[in-house]
Amino acid sequence: MDGNNTCHEDGDITSQCPLASAPSLHPKLVQRLVAQSHEAKQRAHCPYSKFRVGAALLTMDGKVILGCNVENACYALGICAERTAIQKAVSEGHKEFRAIAVASDVEAEFITPCGACRQVMREFGAEWDIYLTKPSGAHILTTLSQLLPMSFGPEDLNKV
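Predicted, not measured: the structure shown is a model, and the values here were computed from it.

Rules used throughout
- Residues numbered from 1 in each chain as written.
- Predicted model: local features only at pLDDT ≥ 70, side-chain atom pairs only at ≥ 80, totals over all residues.
- Heavy atoms only, no water.
- Helix = DSSP H or I, 4+ residues; strand = E, 2+ residues; numbered from the N terminus.
- Expected span 1.5 Å × (residues − 1).
- Buried < 20%, exposed > 50% of the residue type's maximum accessible area, 1.4 Å probe, protein only.
- Core = buried A, V, L, I, M, F, W, Y, C linked by side-chain atoms within 4.5 Å.
- UniProt positions renumbered as here; feature names shortened; annotations may be inferred.
- Contact = heavy atoms within 4.5 Å.
- 1 Å grid on protein atoms, 1.4 Å probe; cavity = no way out; pocket = protein on both sides within 12 Å on 5 of 7 lines; lining within 4 Å.
- Points joined across faces, edges and corners; volume = space filled by probe spheres on them.
- Salt bridge = Lys/Arg side-chain N within 4 Å of Asp/Glu carboxyl O.

## Some remarks on helix 1 (residues 27–41)
- Along its 15 residues, helix 1 runs 21 Å from first to last C-alpha, staying within 8% of the 21 Å computed at 1.5 Å per residue.
- Regarding helix 1, the residues found buried are Val30, Leu33, Val34, Gln36, Ser37, His38, Ala40 and Lys41.

Shown next as structure tokens:
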């Protein structure tokens, strides 16, 4: 691992990755998820920011649902790739997720989901794998609980 918390920048993440809280996905599945996130990025509608983002969401039953960012002339009405994928998944009957890969065109560093996306992801659990990727295929593994510590989730509504 380097200073960027990279686990094998050649695209191979194994269960030895210290960022993983649970055994990670099979390396071939990780590579497929990363590649699909970059495919989804190609569909982005971002005429204003020119910042393309794609997401590949893996459901617990093995289905991969893609999402991309969709901007709007009324900026506040745009939606991120991660939320697009989650909303598509929910609309298709999926509410349990194993992992998501997030892609952009940024090569210098790994981008992370925005705060709104993190909170939407949290609605469906705190411990699923998040693969942050670069155009080269390099990626790191983290979890939502690491990106959104001390989070507020559905179970917290039962505490009052």
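From this point, things continue past the structure.
## Side note on the nonpolar core
- Counting 22 residues, the largest nonpolar core has Leu57, Ile100, Met121, Trp128 and Ile130 as the members making the most contacts within it.
- When residues of this core are traced back to their parent elements, those giving at least two are strand 1 (53–59), helix 2 (81–91), strand 3 (97–104), strand 4 (129–133) and helix 4 (144–147).
- Among the elements that take part in this core, helix 2 stands out by supplying 4 residues, more than any other.
- Grouped together as the second largest cluster of nonpolar side chains are 13 residues, Leu33, Ala40, Ala56 and Leu58 included.

## Comments concerning the UniProt feature "active site" (unreviewed entry) in the chain
- Per the UniProt annotation, the sites labelled "active site" (unreviewed entry) are Glu82.
- The topology assignment puts Glu82 in helix 2.
- Once residues within four sequence positions are removed from consideration, Glu82 is found in contact with Val53, Ala55, Ile100, Val102, Pro113 and Cys117.

## Here we look at the layout of surface pockets
- If you add up the space inside the largest pocket, you get close to 270 Å³.
- What lines the largest pocket is a set of 21 residues, and nearest its centre among them are Phe51, Val53, Asn69, Ile79 and Cys80.
- Of the residues forming the lining of the largest pocket, the biggest block, 3 residues, is contributed by helix 2.

## As for the pattern of salt bridges
- All chains considered together, the criterion is met by 6 salt bridges.
- With a closest N to O distance of 2.8 Å, Asp105 and Arg52 form a salt bridge. Of this pair, Asp105 sits in the loop between strand 3 and helix 3 (115–122) while Arg52 sits in the loop between helix 1 and strand 1, and the two are 53 residues apart along the sequence.
- The class for Arg52 is partly exposed, based on a relative accessible area of 23%.
- The partner of Asp129 in a salt bridge is Arg98, with the nearest N and O atoms 3.5 Å apart. Note that Asp129 is positioned in strand 4 and Arg98 in strand 3, a separation of 31 residues in sequence.
- One salt-bridge network, in which partners are shared between bridges, spans Lys41, Arg52 and Asp105.

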